[in-house]
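Each chain, letter by letter, is given below.
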Amino acid sequence: MNDLPFGFSMSNGPDDESGRGPNDSGSGAGQGGSGGGFPHMPPGGFPFGDPQQFAQMLRQFADMMSAAQPTSGSGQDSGASGINWAAATNIARHVVSQHGDPSIGPVDYARVQEALRLADLWLNEVTALPSGLHTMEAWSRSEWVEKTVPTWTKLCEPLTGRVVETMEQNLPQEMAAVAGPLLGMFRQIGGALVGQQVGQAIGELAREVVGSTDVGLPLAGEGRAVLLPEGVREFGEGLGVPLDEVRLYLAAREAAHHRLFRHVPWLRSHLFALVEEYAAGMSFDISGFEKQLGHIDLTNPESLQEALSSLEGQGLFQTEDTPRQKASLARLETALALIEGWVSTVVDAAVSQRLPQAAALGEALRRRRASGGPAEHTFATLVGLELRPRRLRDAAKLWQALTEARGIDGRDAVWEHPDLMPSGEDLDAPDDFVRGSASSPDLDLSQLTEEPSEERRDGDDEDKGER
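Along every chain, residues carry numbers that run from 1 in the direction the sequence is written. With the structure being a predicted model, the display of local features is reserved for residues of pLDDT at least 70 and the display and counting of side-chain atom pairs for 80 or more, all residues being used for whole-chain, interface and lining totals. The side-chain quantities take in all heavy atoms of the structure and omit both hydrogens and water.

(A) Main features of the overall build of the protein. By the criteria applied, helices consist of DSSP H or I runs no shorter than four residues and strands consist of E runs no shorter than two, each listed in order from the N terminus. The helix and strand inventory of the protein stands at 19 helices and four strands. The method behind every accessible area is Shrake-Rupley, applied with a 1.4 Å probe, and residues are considered shielded solely by the protein chains displayed. Carbon and sulfur atoms form 48% of the exposed surface of the protein, whose accessible area is close to 20,700 Å².

(B) Examining the packing of helix H7 (residues 229-236) against helix H8 (residues 243-263) more closely. Relative orientation of the contacting elements H7 and H8 amounts to 115°, with a least axis distance of 9 Å. With respect to H8, the element H7 is oriented roughly perpendicular. Handedness of the crossing formed by H7 with H8: right-handed. Contacts between H7 and H8 involve Val232, Arg233, Phe235 and Gly236 on the former and, on the latter, Leu243, Val246, Arg247 and Leu250. Axis lines are fitted to C-alpha atoms, over the contacting stretch for helices. Their N-to-C directions set the angle, which ranges from 0 to 180 degrees. Angular relationships are summarised with four words: roughly parallel below 35 degrees, roughly antiparallel beyond 145, roughly perpendicular across 65 to 115, and oblique for the angles in between. Left-handed describes a crossing whose near helix is turned anticlockwise from the far helix through less than a right angle; right-handed describes the clockwise counterpart. Residue contacts are counted whenever heavy atoms from the two residues lie within 4.5 Å of one another.

(C) Examining helix H2 (residues 85-97) more closely. By this rule the span expected of a helix is its residue count minus one, scaled by 1.5 Å. Between the first and last C-alpha of H2 there are 18 Å, a value that for 13 residues agrees with the 18 Å anticipated at 1.5 Å per step. Only protein chains enter the calculation, and the probe is 1.4 Å; a residue is then buried if its accessible area is under 20% of its type maximum, exposed if over 50%, and partly exposed in between. Among the residues making up H2, those that are buried are Trp85, Ala86, Ala87, Ala88, Thr89, Ala92, Val95 and Val96.

(D) Quick look at the pattern of salt bridges. Here, a salt bridge means any side-chain nitrogen of Lys or Arg that lies within 4 Å of a carboxyl oxygen of Asp or Glu. Applying the stated criterion to the full structure yields 19 salt bridges. Of the charged contacts in the structure, one is a salt bridge between arginine 435 and aspartate 432, with a shortest N-O distance of 2.3 Å. Pair noted here: arginine 435 and aspartate 432 are both in helix H17 (residues 430-439), with a separation of three residues, about one helical turn. Among the residues examined, arginine 435 registers a relative accessible area of 52% and is labelled exposed. Residue class for aspartate 432 comes out partly exposed when judged on its relative accessible area of 46%. Taken together, the salt bridges that share partners define one network made up of Asp108, Arg111, Glu230 and Arg233.

(E) Quick peek at the nonpolar core. Residues belong to a common nonpolar core when they are buried Ala, Val, Leu, Ile, Met, Phe, Trp, Tyr or Cys residues joined through side-chain atoms within 4.5 Å. Core analysis: the largest hydrophobic core is formed by 92 residues, its most contacted members being Trp85, Trp144, Trp152, Trp342, Val351, Trp399 and Trp415. Considering every element that reaches this core, the biggest residue donor is helix H12 (residues 323-351), with twelve residues. Excluding its chain neighbours within four sequence positions, the residues that come into contact with tryptophan 342 are Thr127, Leu129, Ala256, Leu260, Trp399, Arg411, Asp412 and Trp415.

(F) Region of interest: the environment of alanine 330. Looking at where alanine 330 falls in the secondary structure, it is placed in helix H12. Assessed through its relative accessible area of 38%, alanine 330 is described here as partly exposed. Put simply, alanine 330 and serine 423 are 93 residues apart on the chain and 9.6 Å apart in space, counted from C-alpha to C-alpha.

(G) Summary view of the packing of aromatic side chains. Aromatic contacts are taken between Phe, Tyr and Trp rings whose centres are within 6.5 Å, Trp giving its six-membered ring; a plane angle under 30 degrees counts as stacked, one over 60 as edge-to-face, and the others as tilted. For the structure on display, the rule yields four aromatic pairs. Note on tryptophan 144 and tryptophan 152: the rings are 6.3 Å apart at their centroids and 65° apart in plane angle, and the pair reads as edge-to-face. One exposure class covers both tryptophan 144 and tryptophan 152, and it is buried. Seen from their ring centres, tryptophan 399 and tryptophan 415 are 5.2 Å apart, and the 15° between their planes marks the pair as stacked. One end of the pair, tryptophan 399, is in helix H15 (residues 389-413); the other, tryptophan 415, is in the loop between H15 and helix H16 (424-428), with 16 residues separating them in the sequence. An identical accessibility class is assigned to tryptophan 399 and tryptophan 415; each is buried. Of the aromatic side chains, those joined through ring pairs into one cluster are Trp266, Trp342, Trp399 and Trp415. Any Lys NZ or Arg CZ that is within 6 Å of a ring centre and within 35 degrees of that ring's normal is treated as a charge sitting over the ring. The residue whose ring lies beneath lysine 154 is phenylalanine 272, and the NZ or CZ to ring-centre distance is 4.6 Å.

And the structure:
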């Protein structure tokens, strides 16, 4: 899988051969002409020859794409960004089926349910949050793809929408003037191209996951705990640990995630808001996109699809590193690290005295993260985020220190309001955060959520006047 979102590549360096500096925009004047800044553009001319001919090519290409894409009655055919989610789902399922995907038998289903039920009971002793499970299921990889697409749609729409929007905004002025109503068609083309990469990424992830929470949030929905028997088996290969222990350890992690999201009502929407914030700050250099369009054969409509598809490995767009994007990424990374750190802390406490190989399983999971596990690869592909092991270790250290200083109830009370949560700076210096929390363990949450009374406001005004 690519390490950057949707075929993006890093911003131009000093050895970049595109002729564009790191701060150049893809929408300004280019070499040899105005408008889209396309290479080899004749002075004052349209880069693709006859604009009407280019418009006709777009029509033919859109017809070709529509004929190739399947229809579905699921209601997920096209998102707000123009992504064809039915086609993306089929691509993901094809990726899974290429490597085999056995159906789940009744024995495996019963073992998964038993492991989730038992692990959830163990967690009662190590966290103040009650059980978050109402359904326990075992899925094949194809089922995982089908049943997590609604969450992927919501998670990816802000990001894919920015990609397609960038494609539209950076069309040459000449083509925009001629195309008119064809701009919607161009959006469809862009959505189809991005959807192909989304489907590929989800399919690759389905081959690695062990449950519904590998990426840090419940993809199957609230309270719906899931394990993939094939994923569990592959995780345990080569560890020398009995499969029953592997299943119980991973079931505890799945159940812990659901407790957190079920009883911290603001957490899910908070993560989605951070993704939207990150997407809004994304900026692109589209020099590679422009260069590829400049070599399209107008007599062959299929050449547009071939040209753009060839950029998947090179980077269709180049993300530009902006301060806004960095800040949004840091907040999202911190939130995911805090979730993972809390889960690791409570799971280790729950299984350490019950599973003889708990330490080996925890170490295997840490190695999986360090080498780039499912969560890291997926977020790197979909949002350009890599979960650094250092952040996860720092988060786990902070939660463990809070447990020792304030006990289980005091530690879990931090989740009661987003303003109580540690920041990225707190992960750098967890002892300072723990000391600050211990000095005010009985914080009144009404101070964060209620408007001050009229009497209190009058008193504050008098105090200000005296000062």
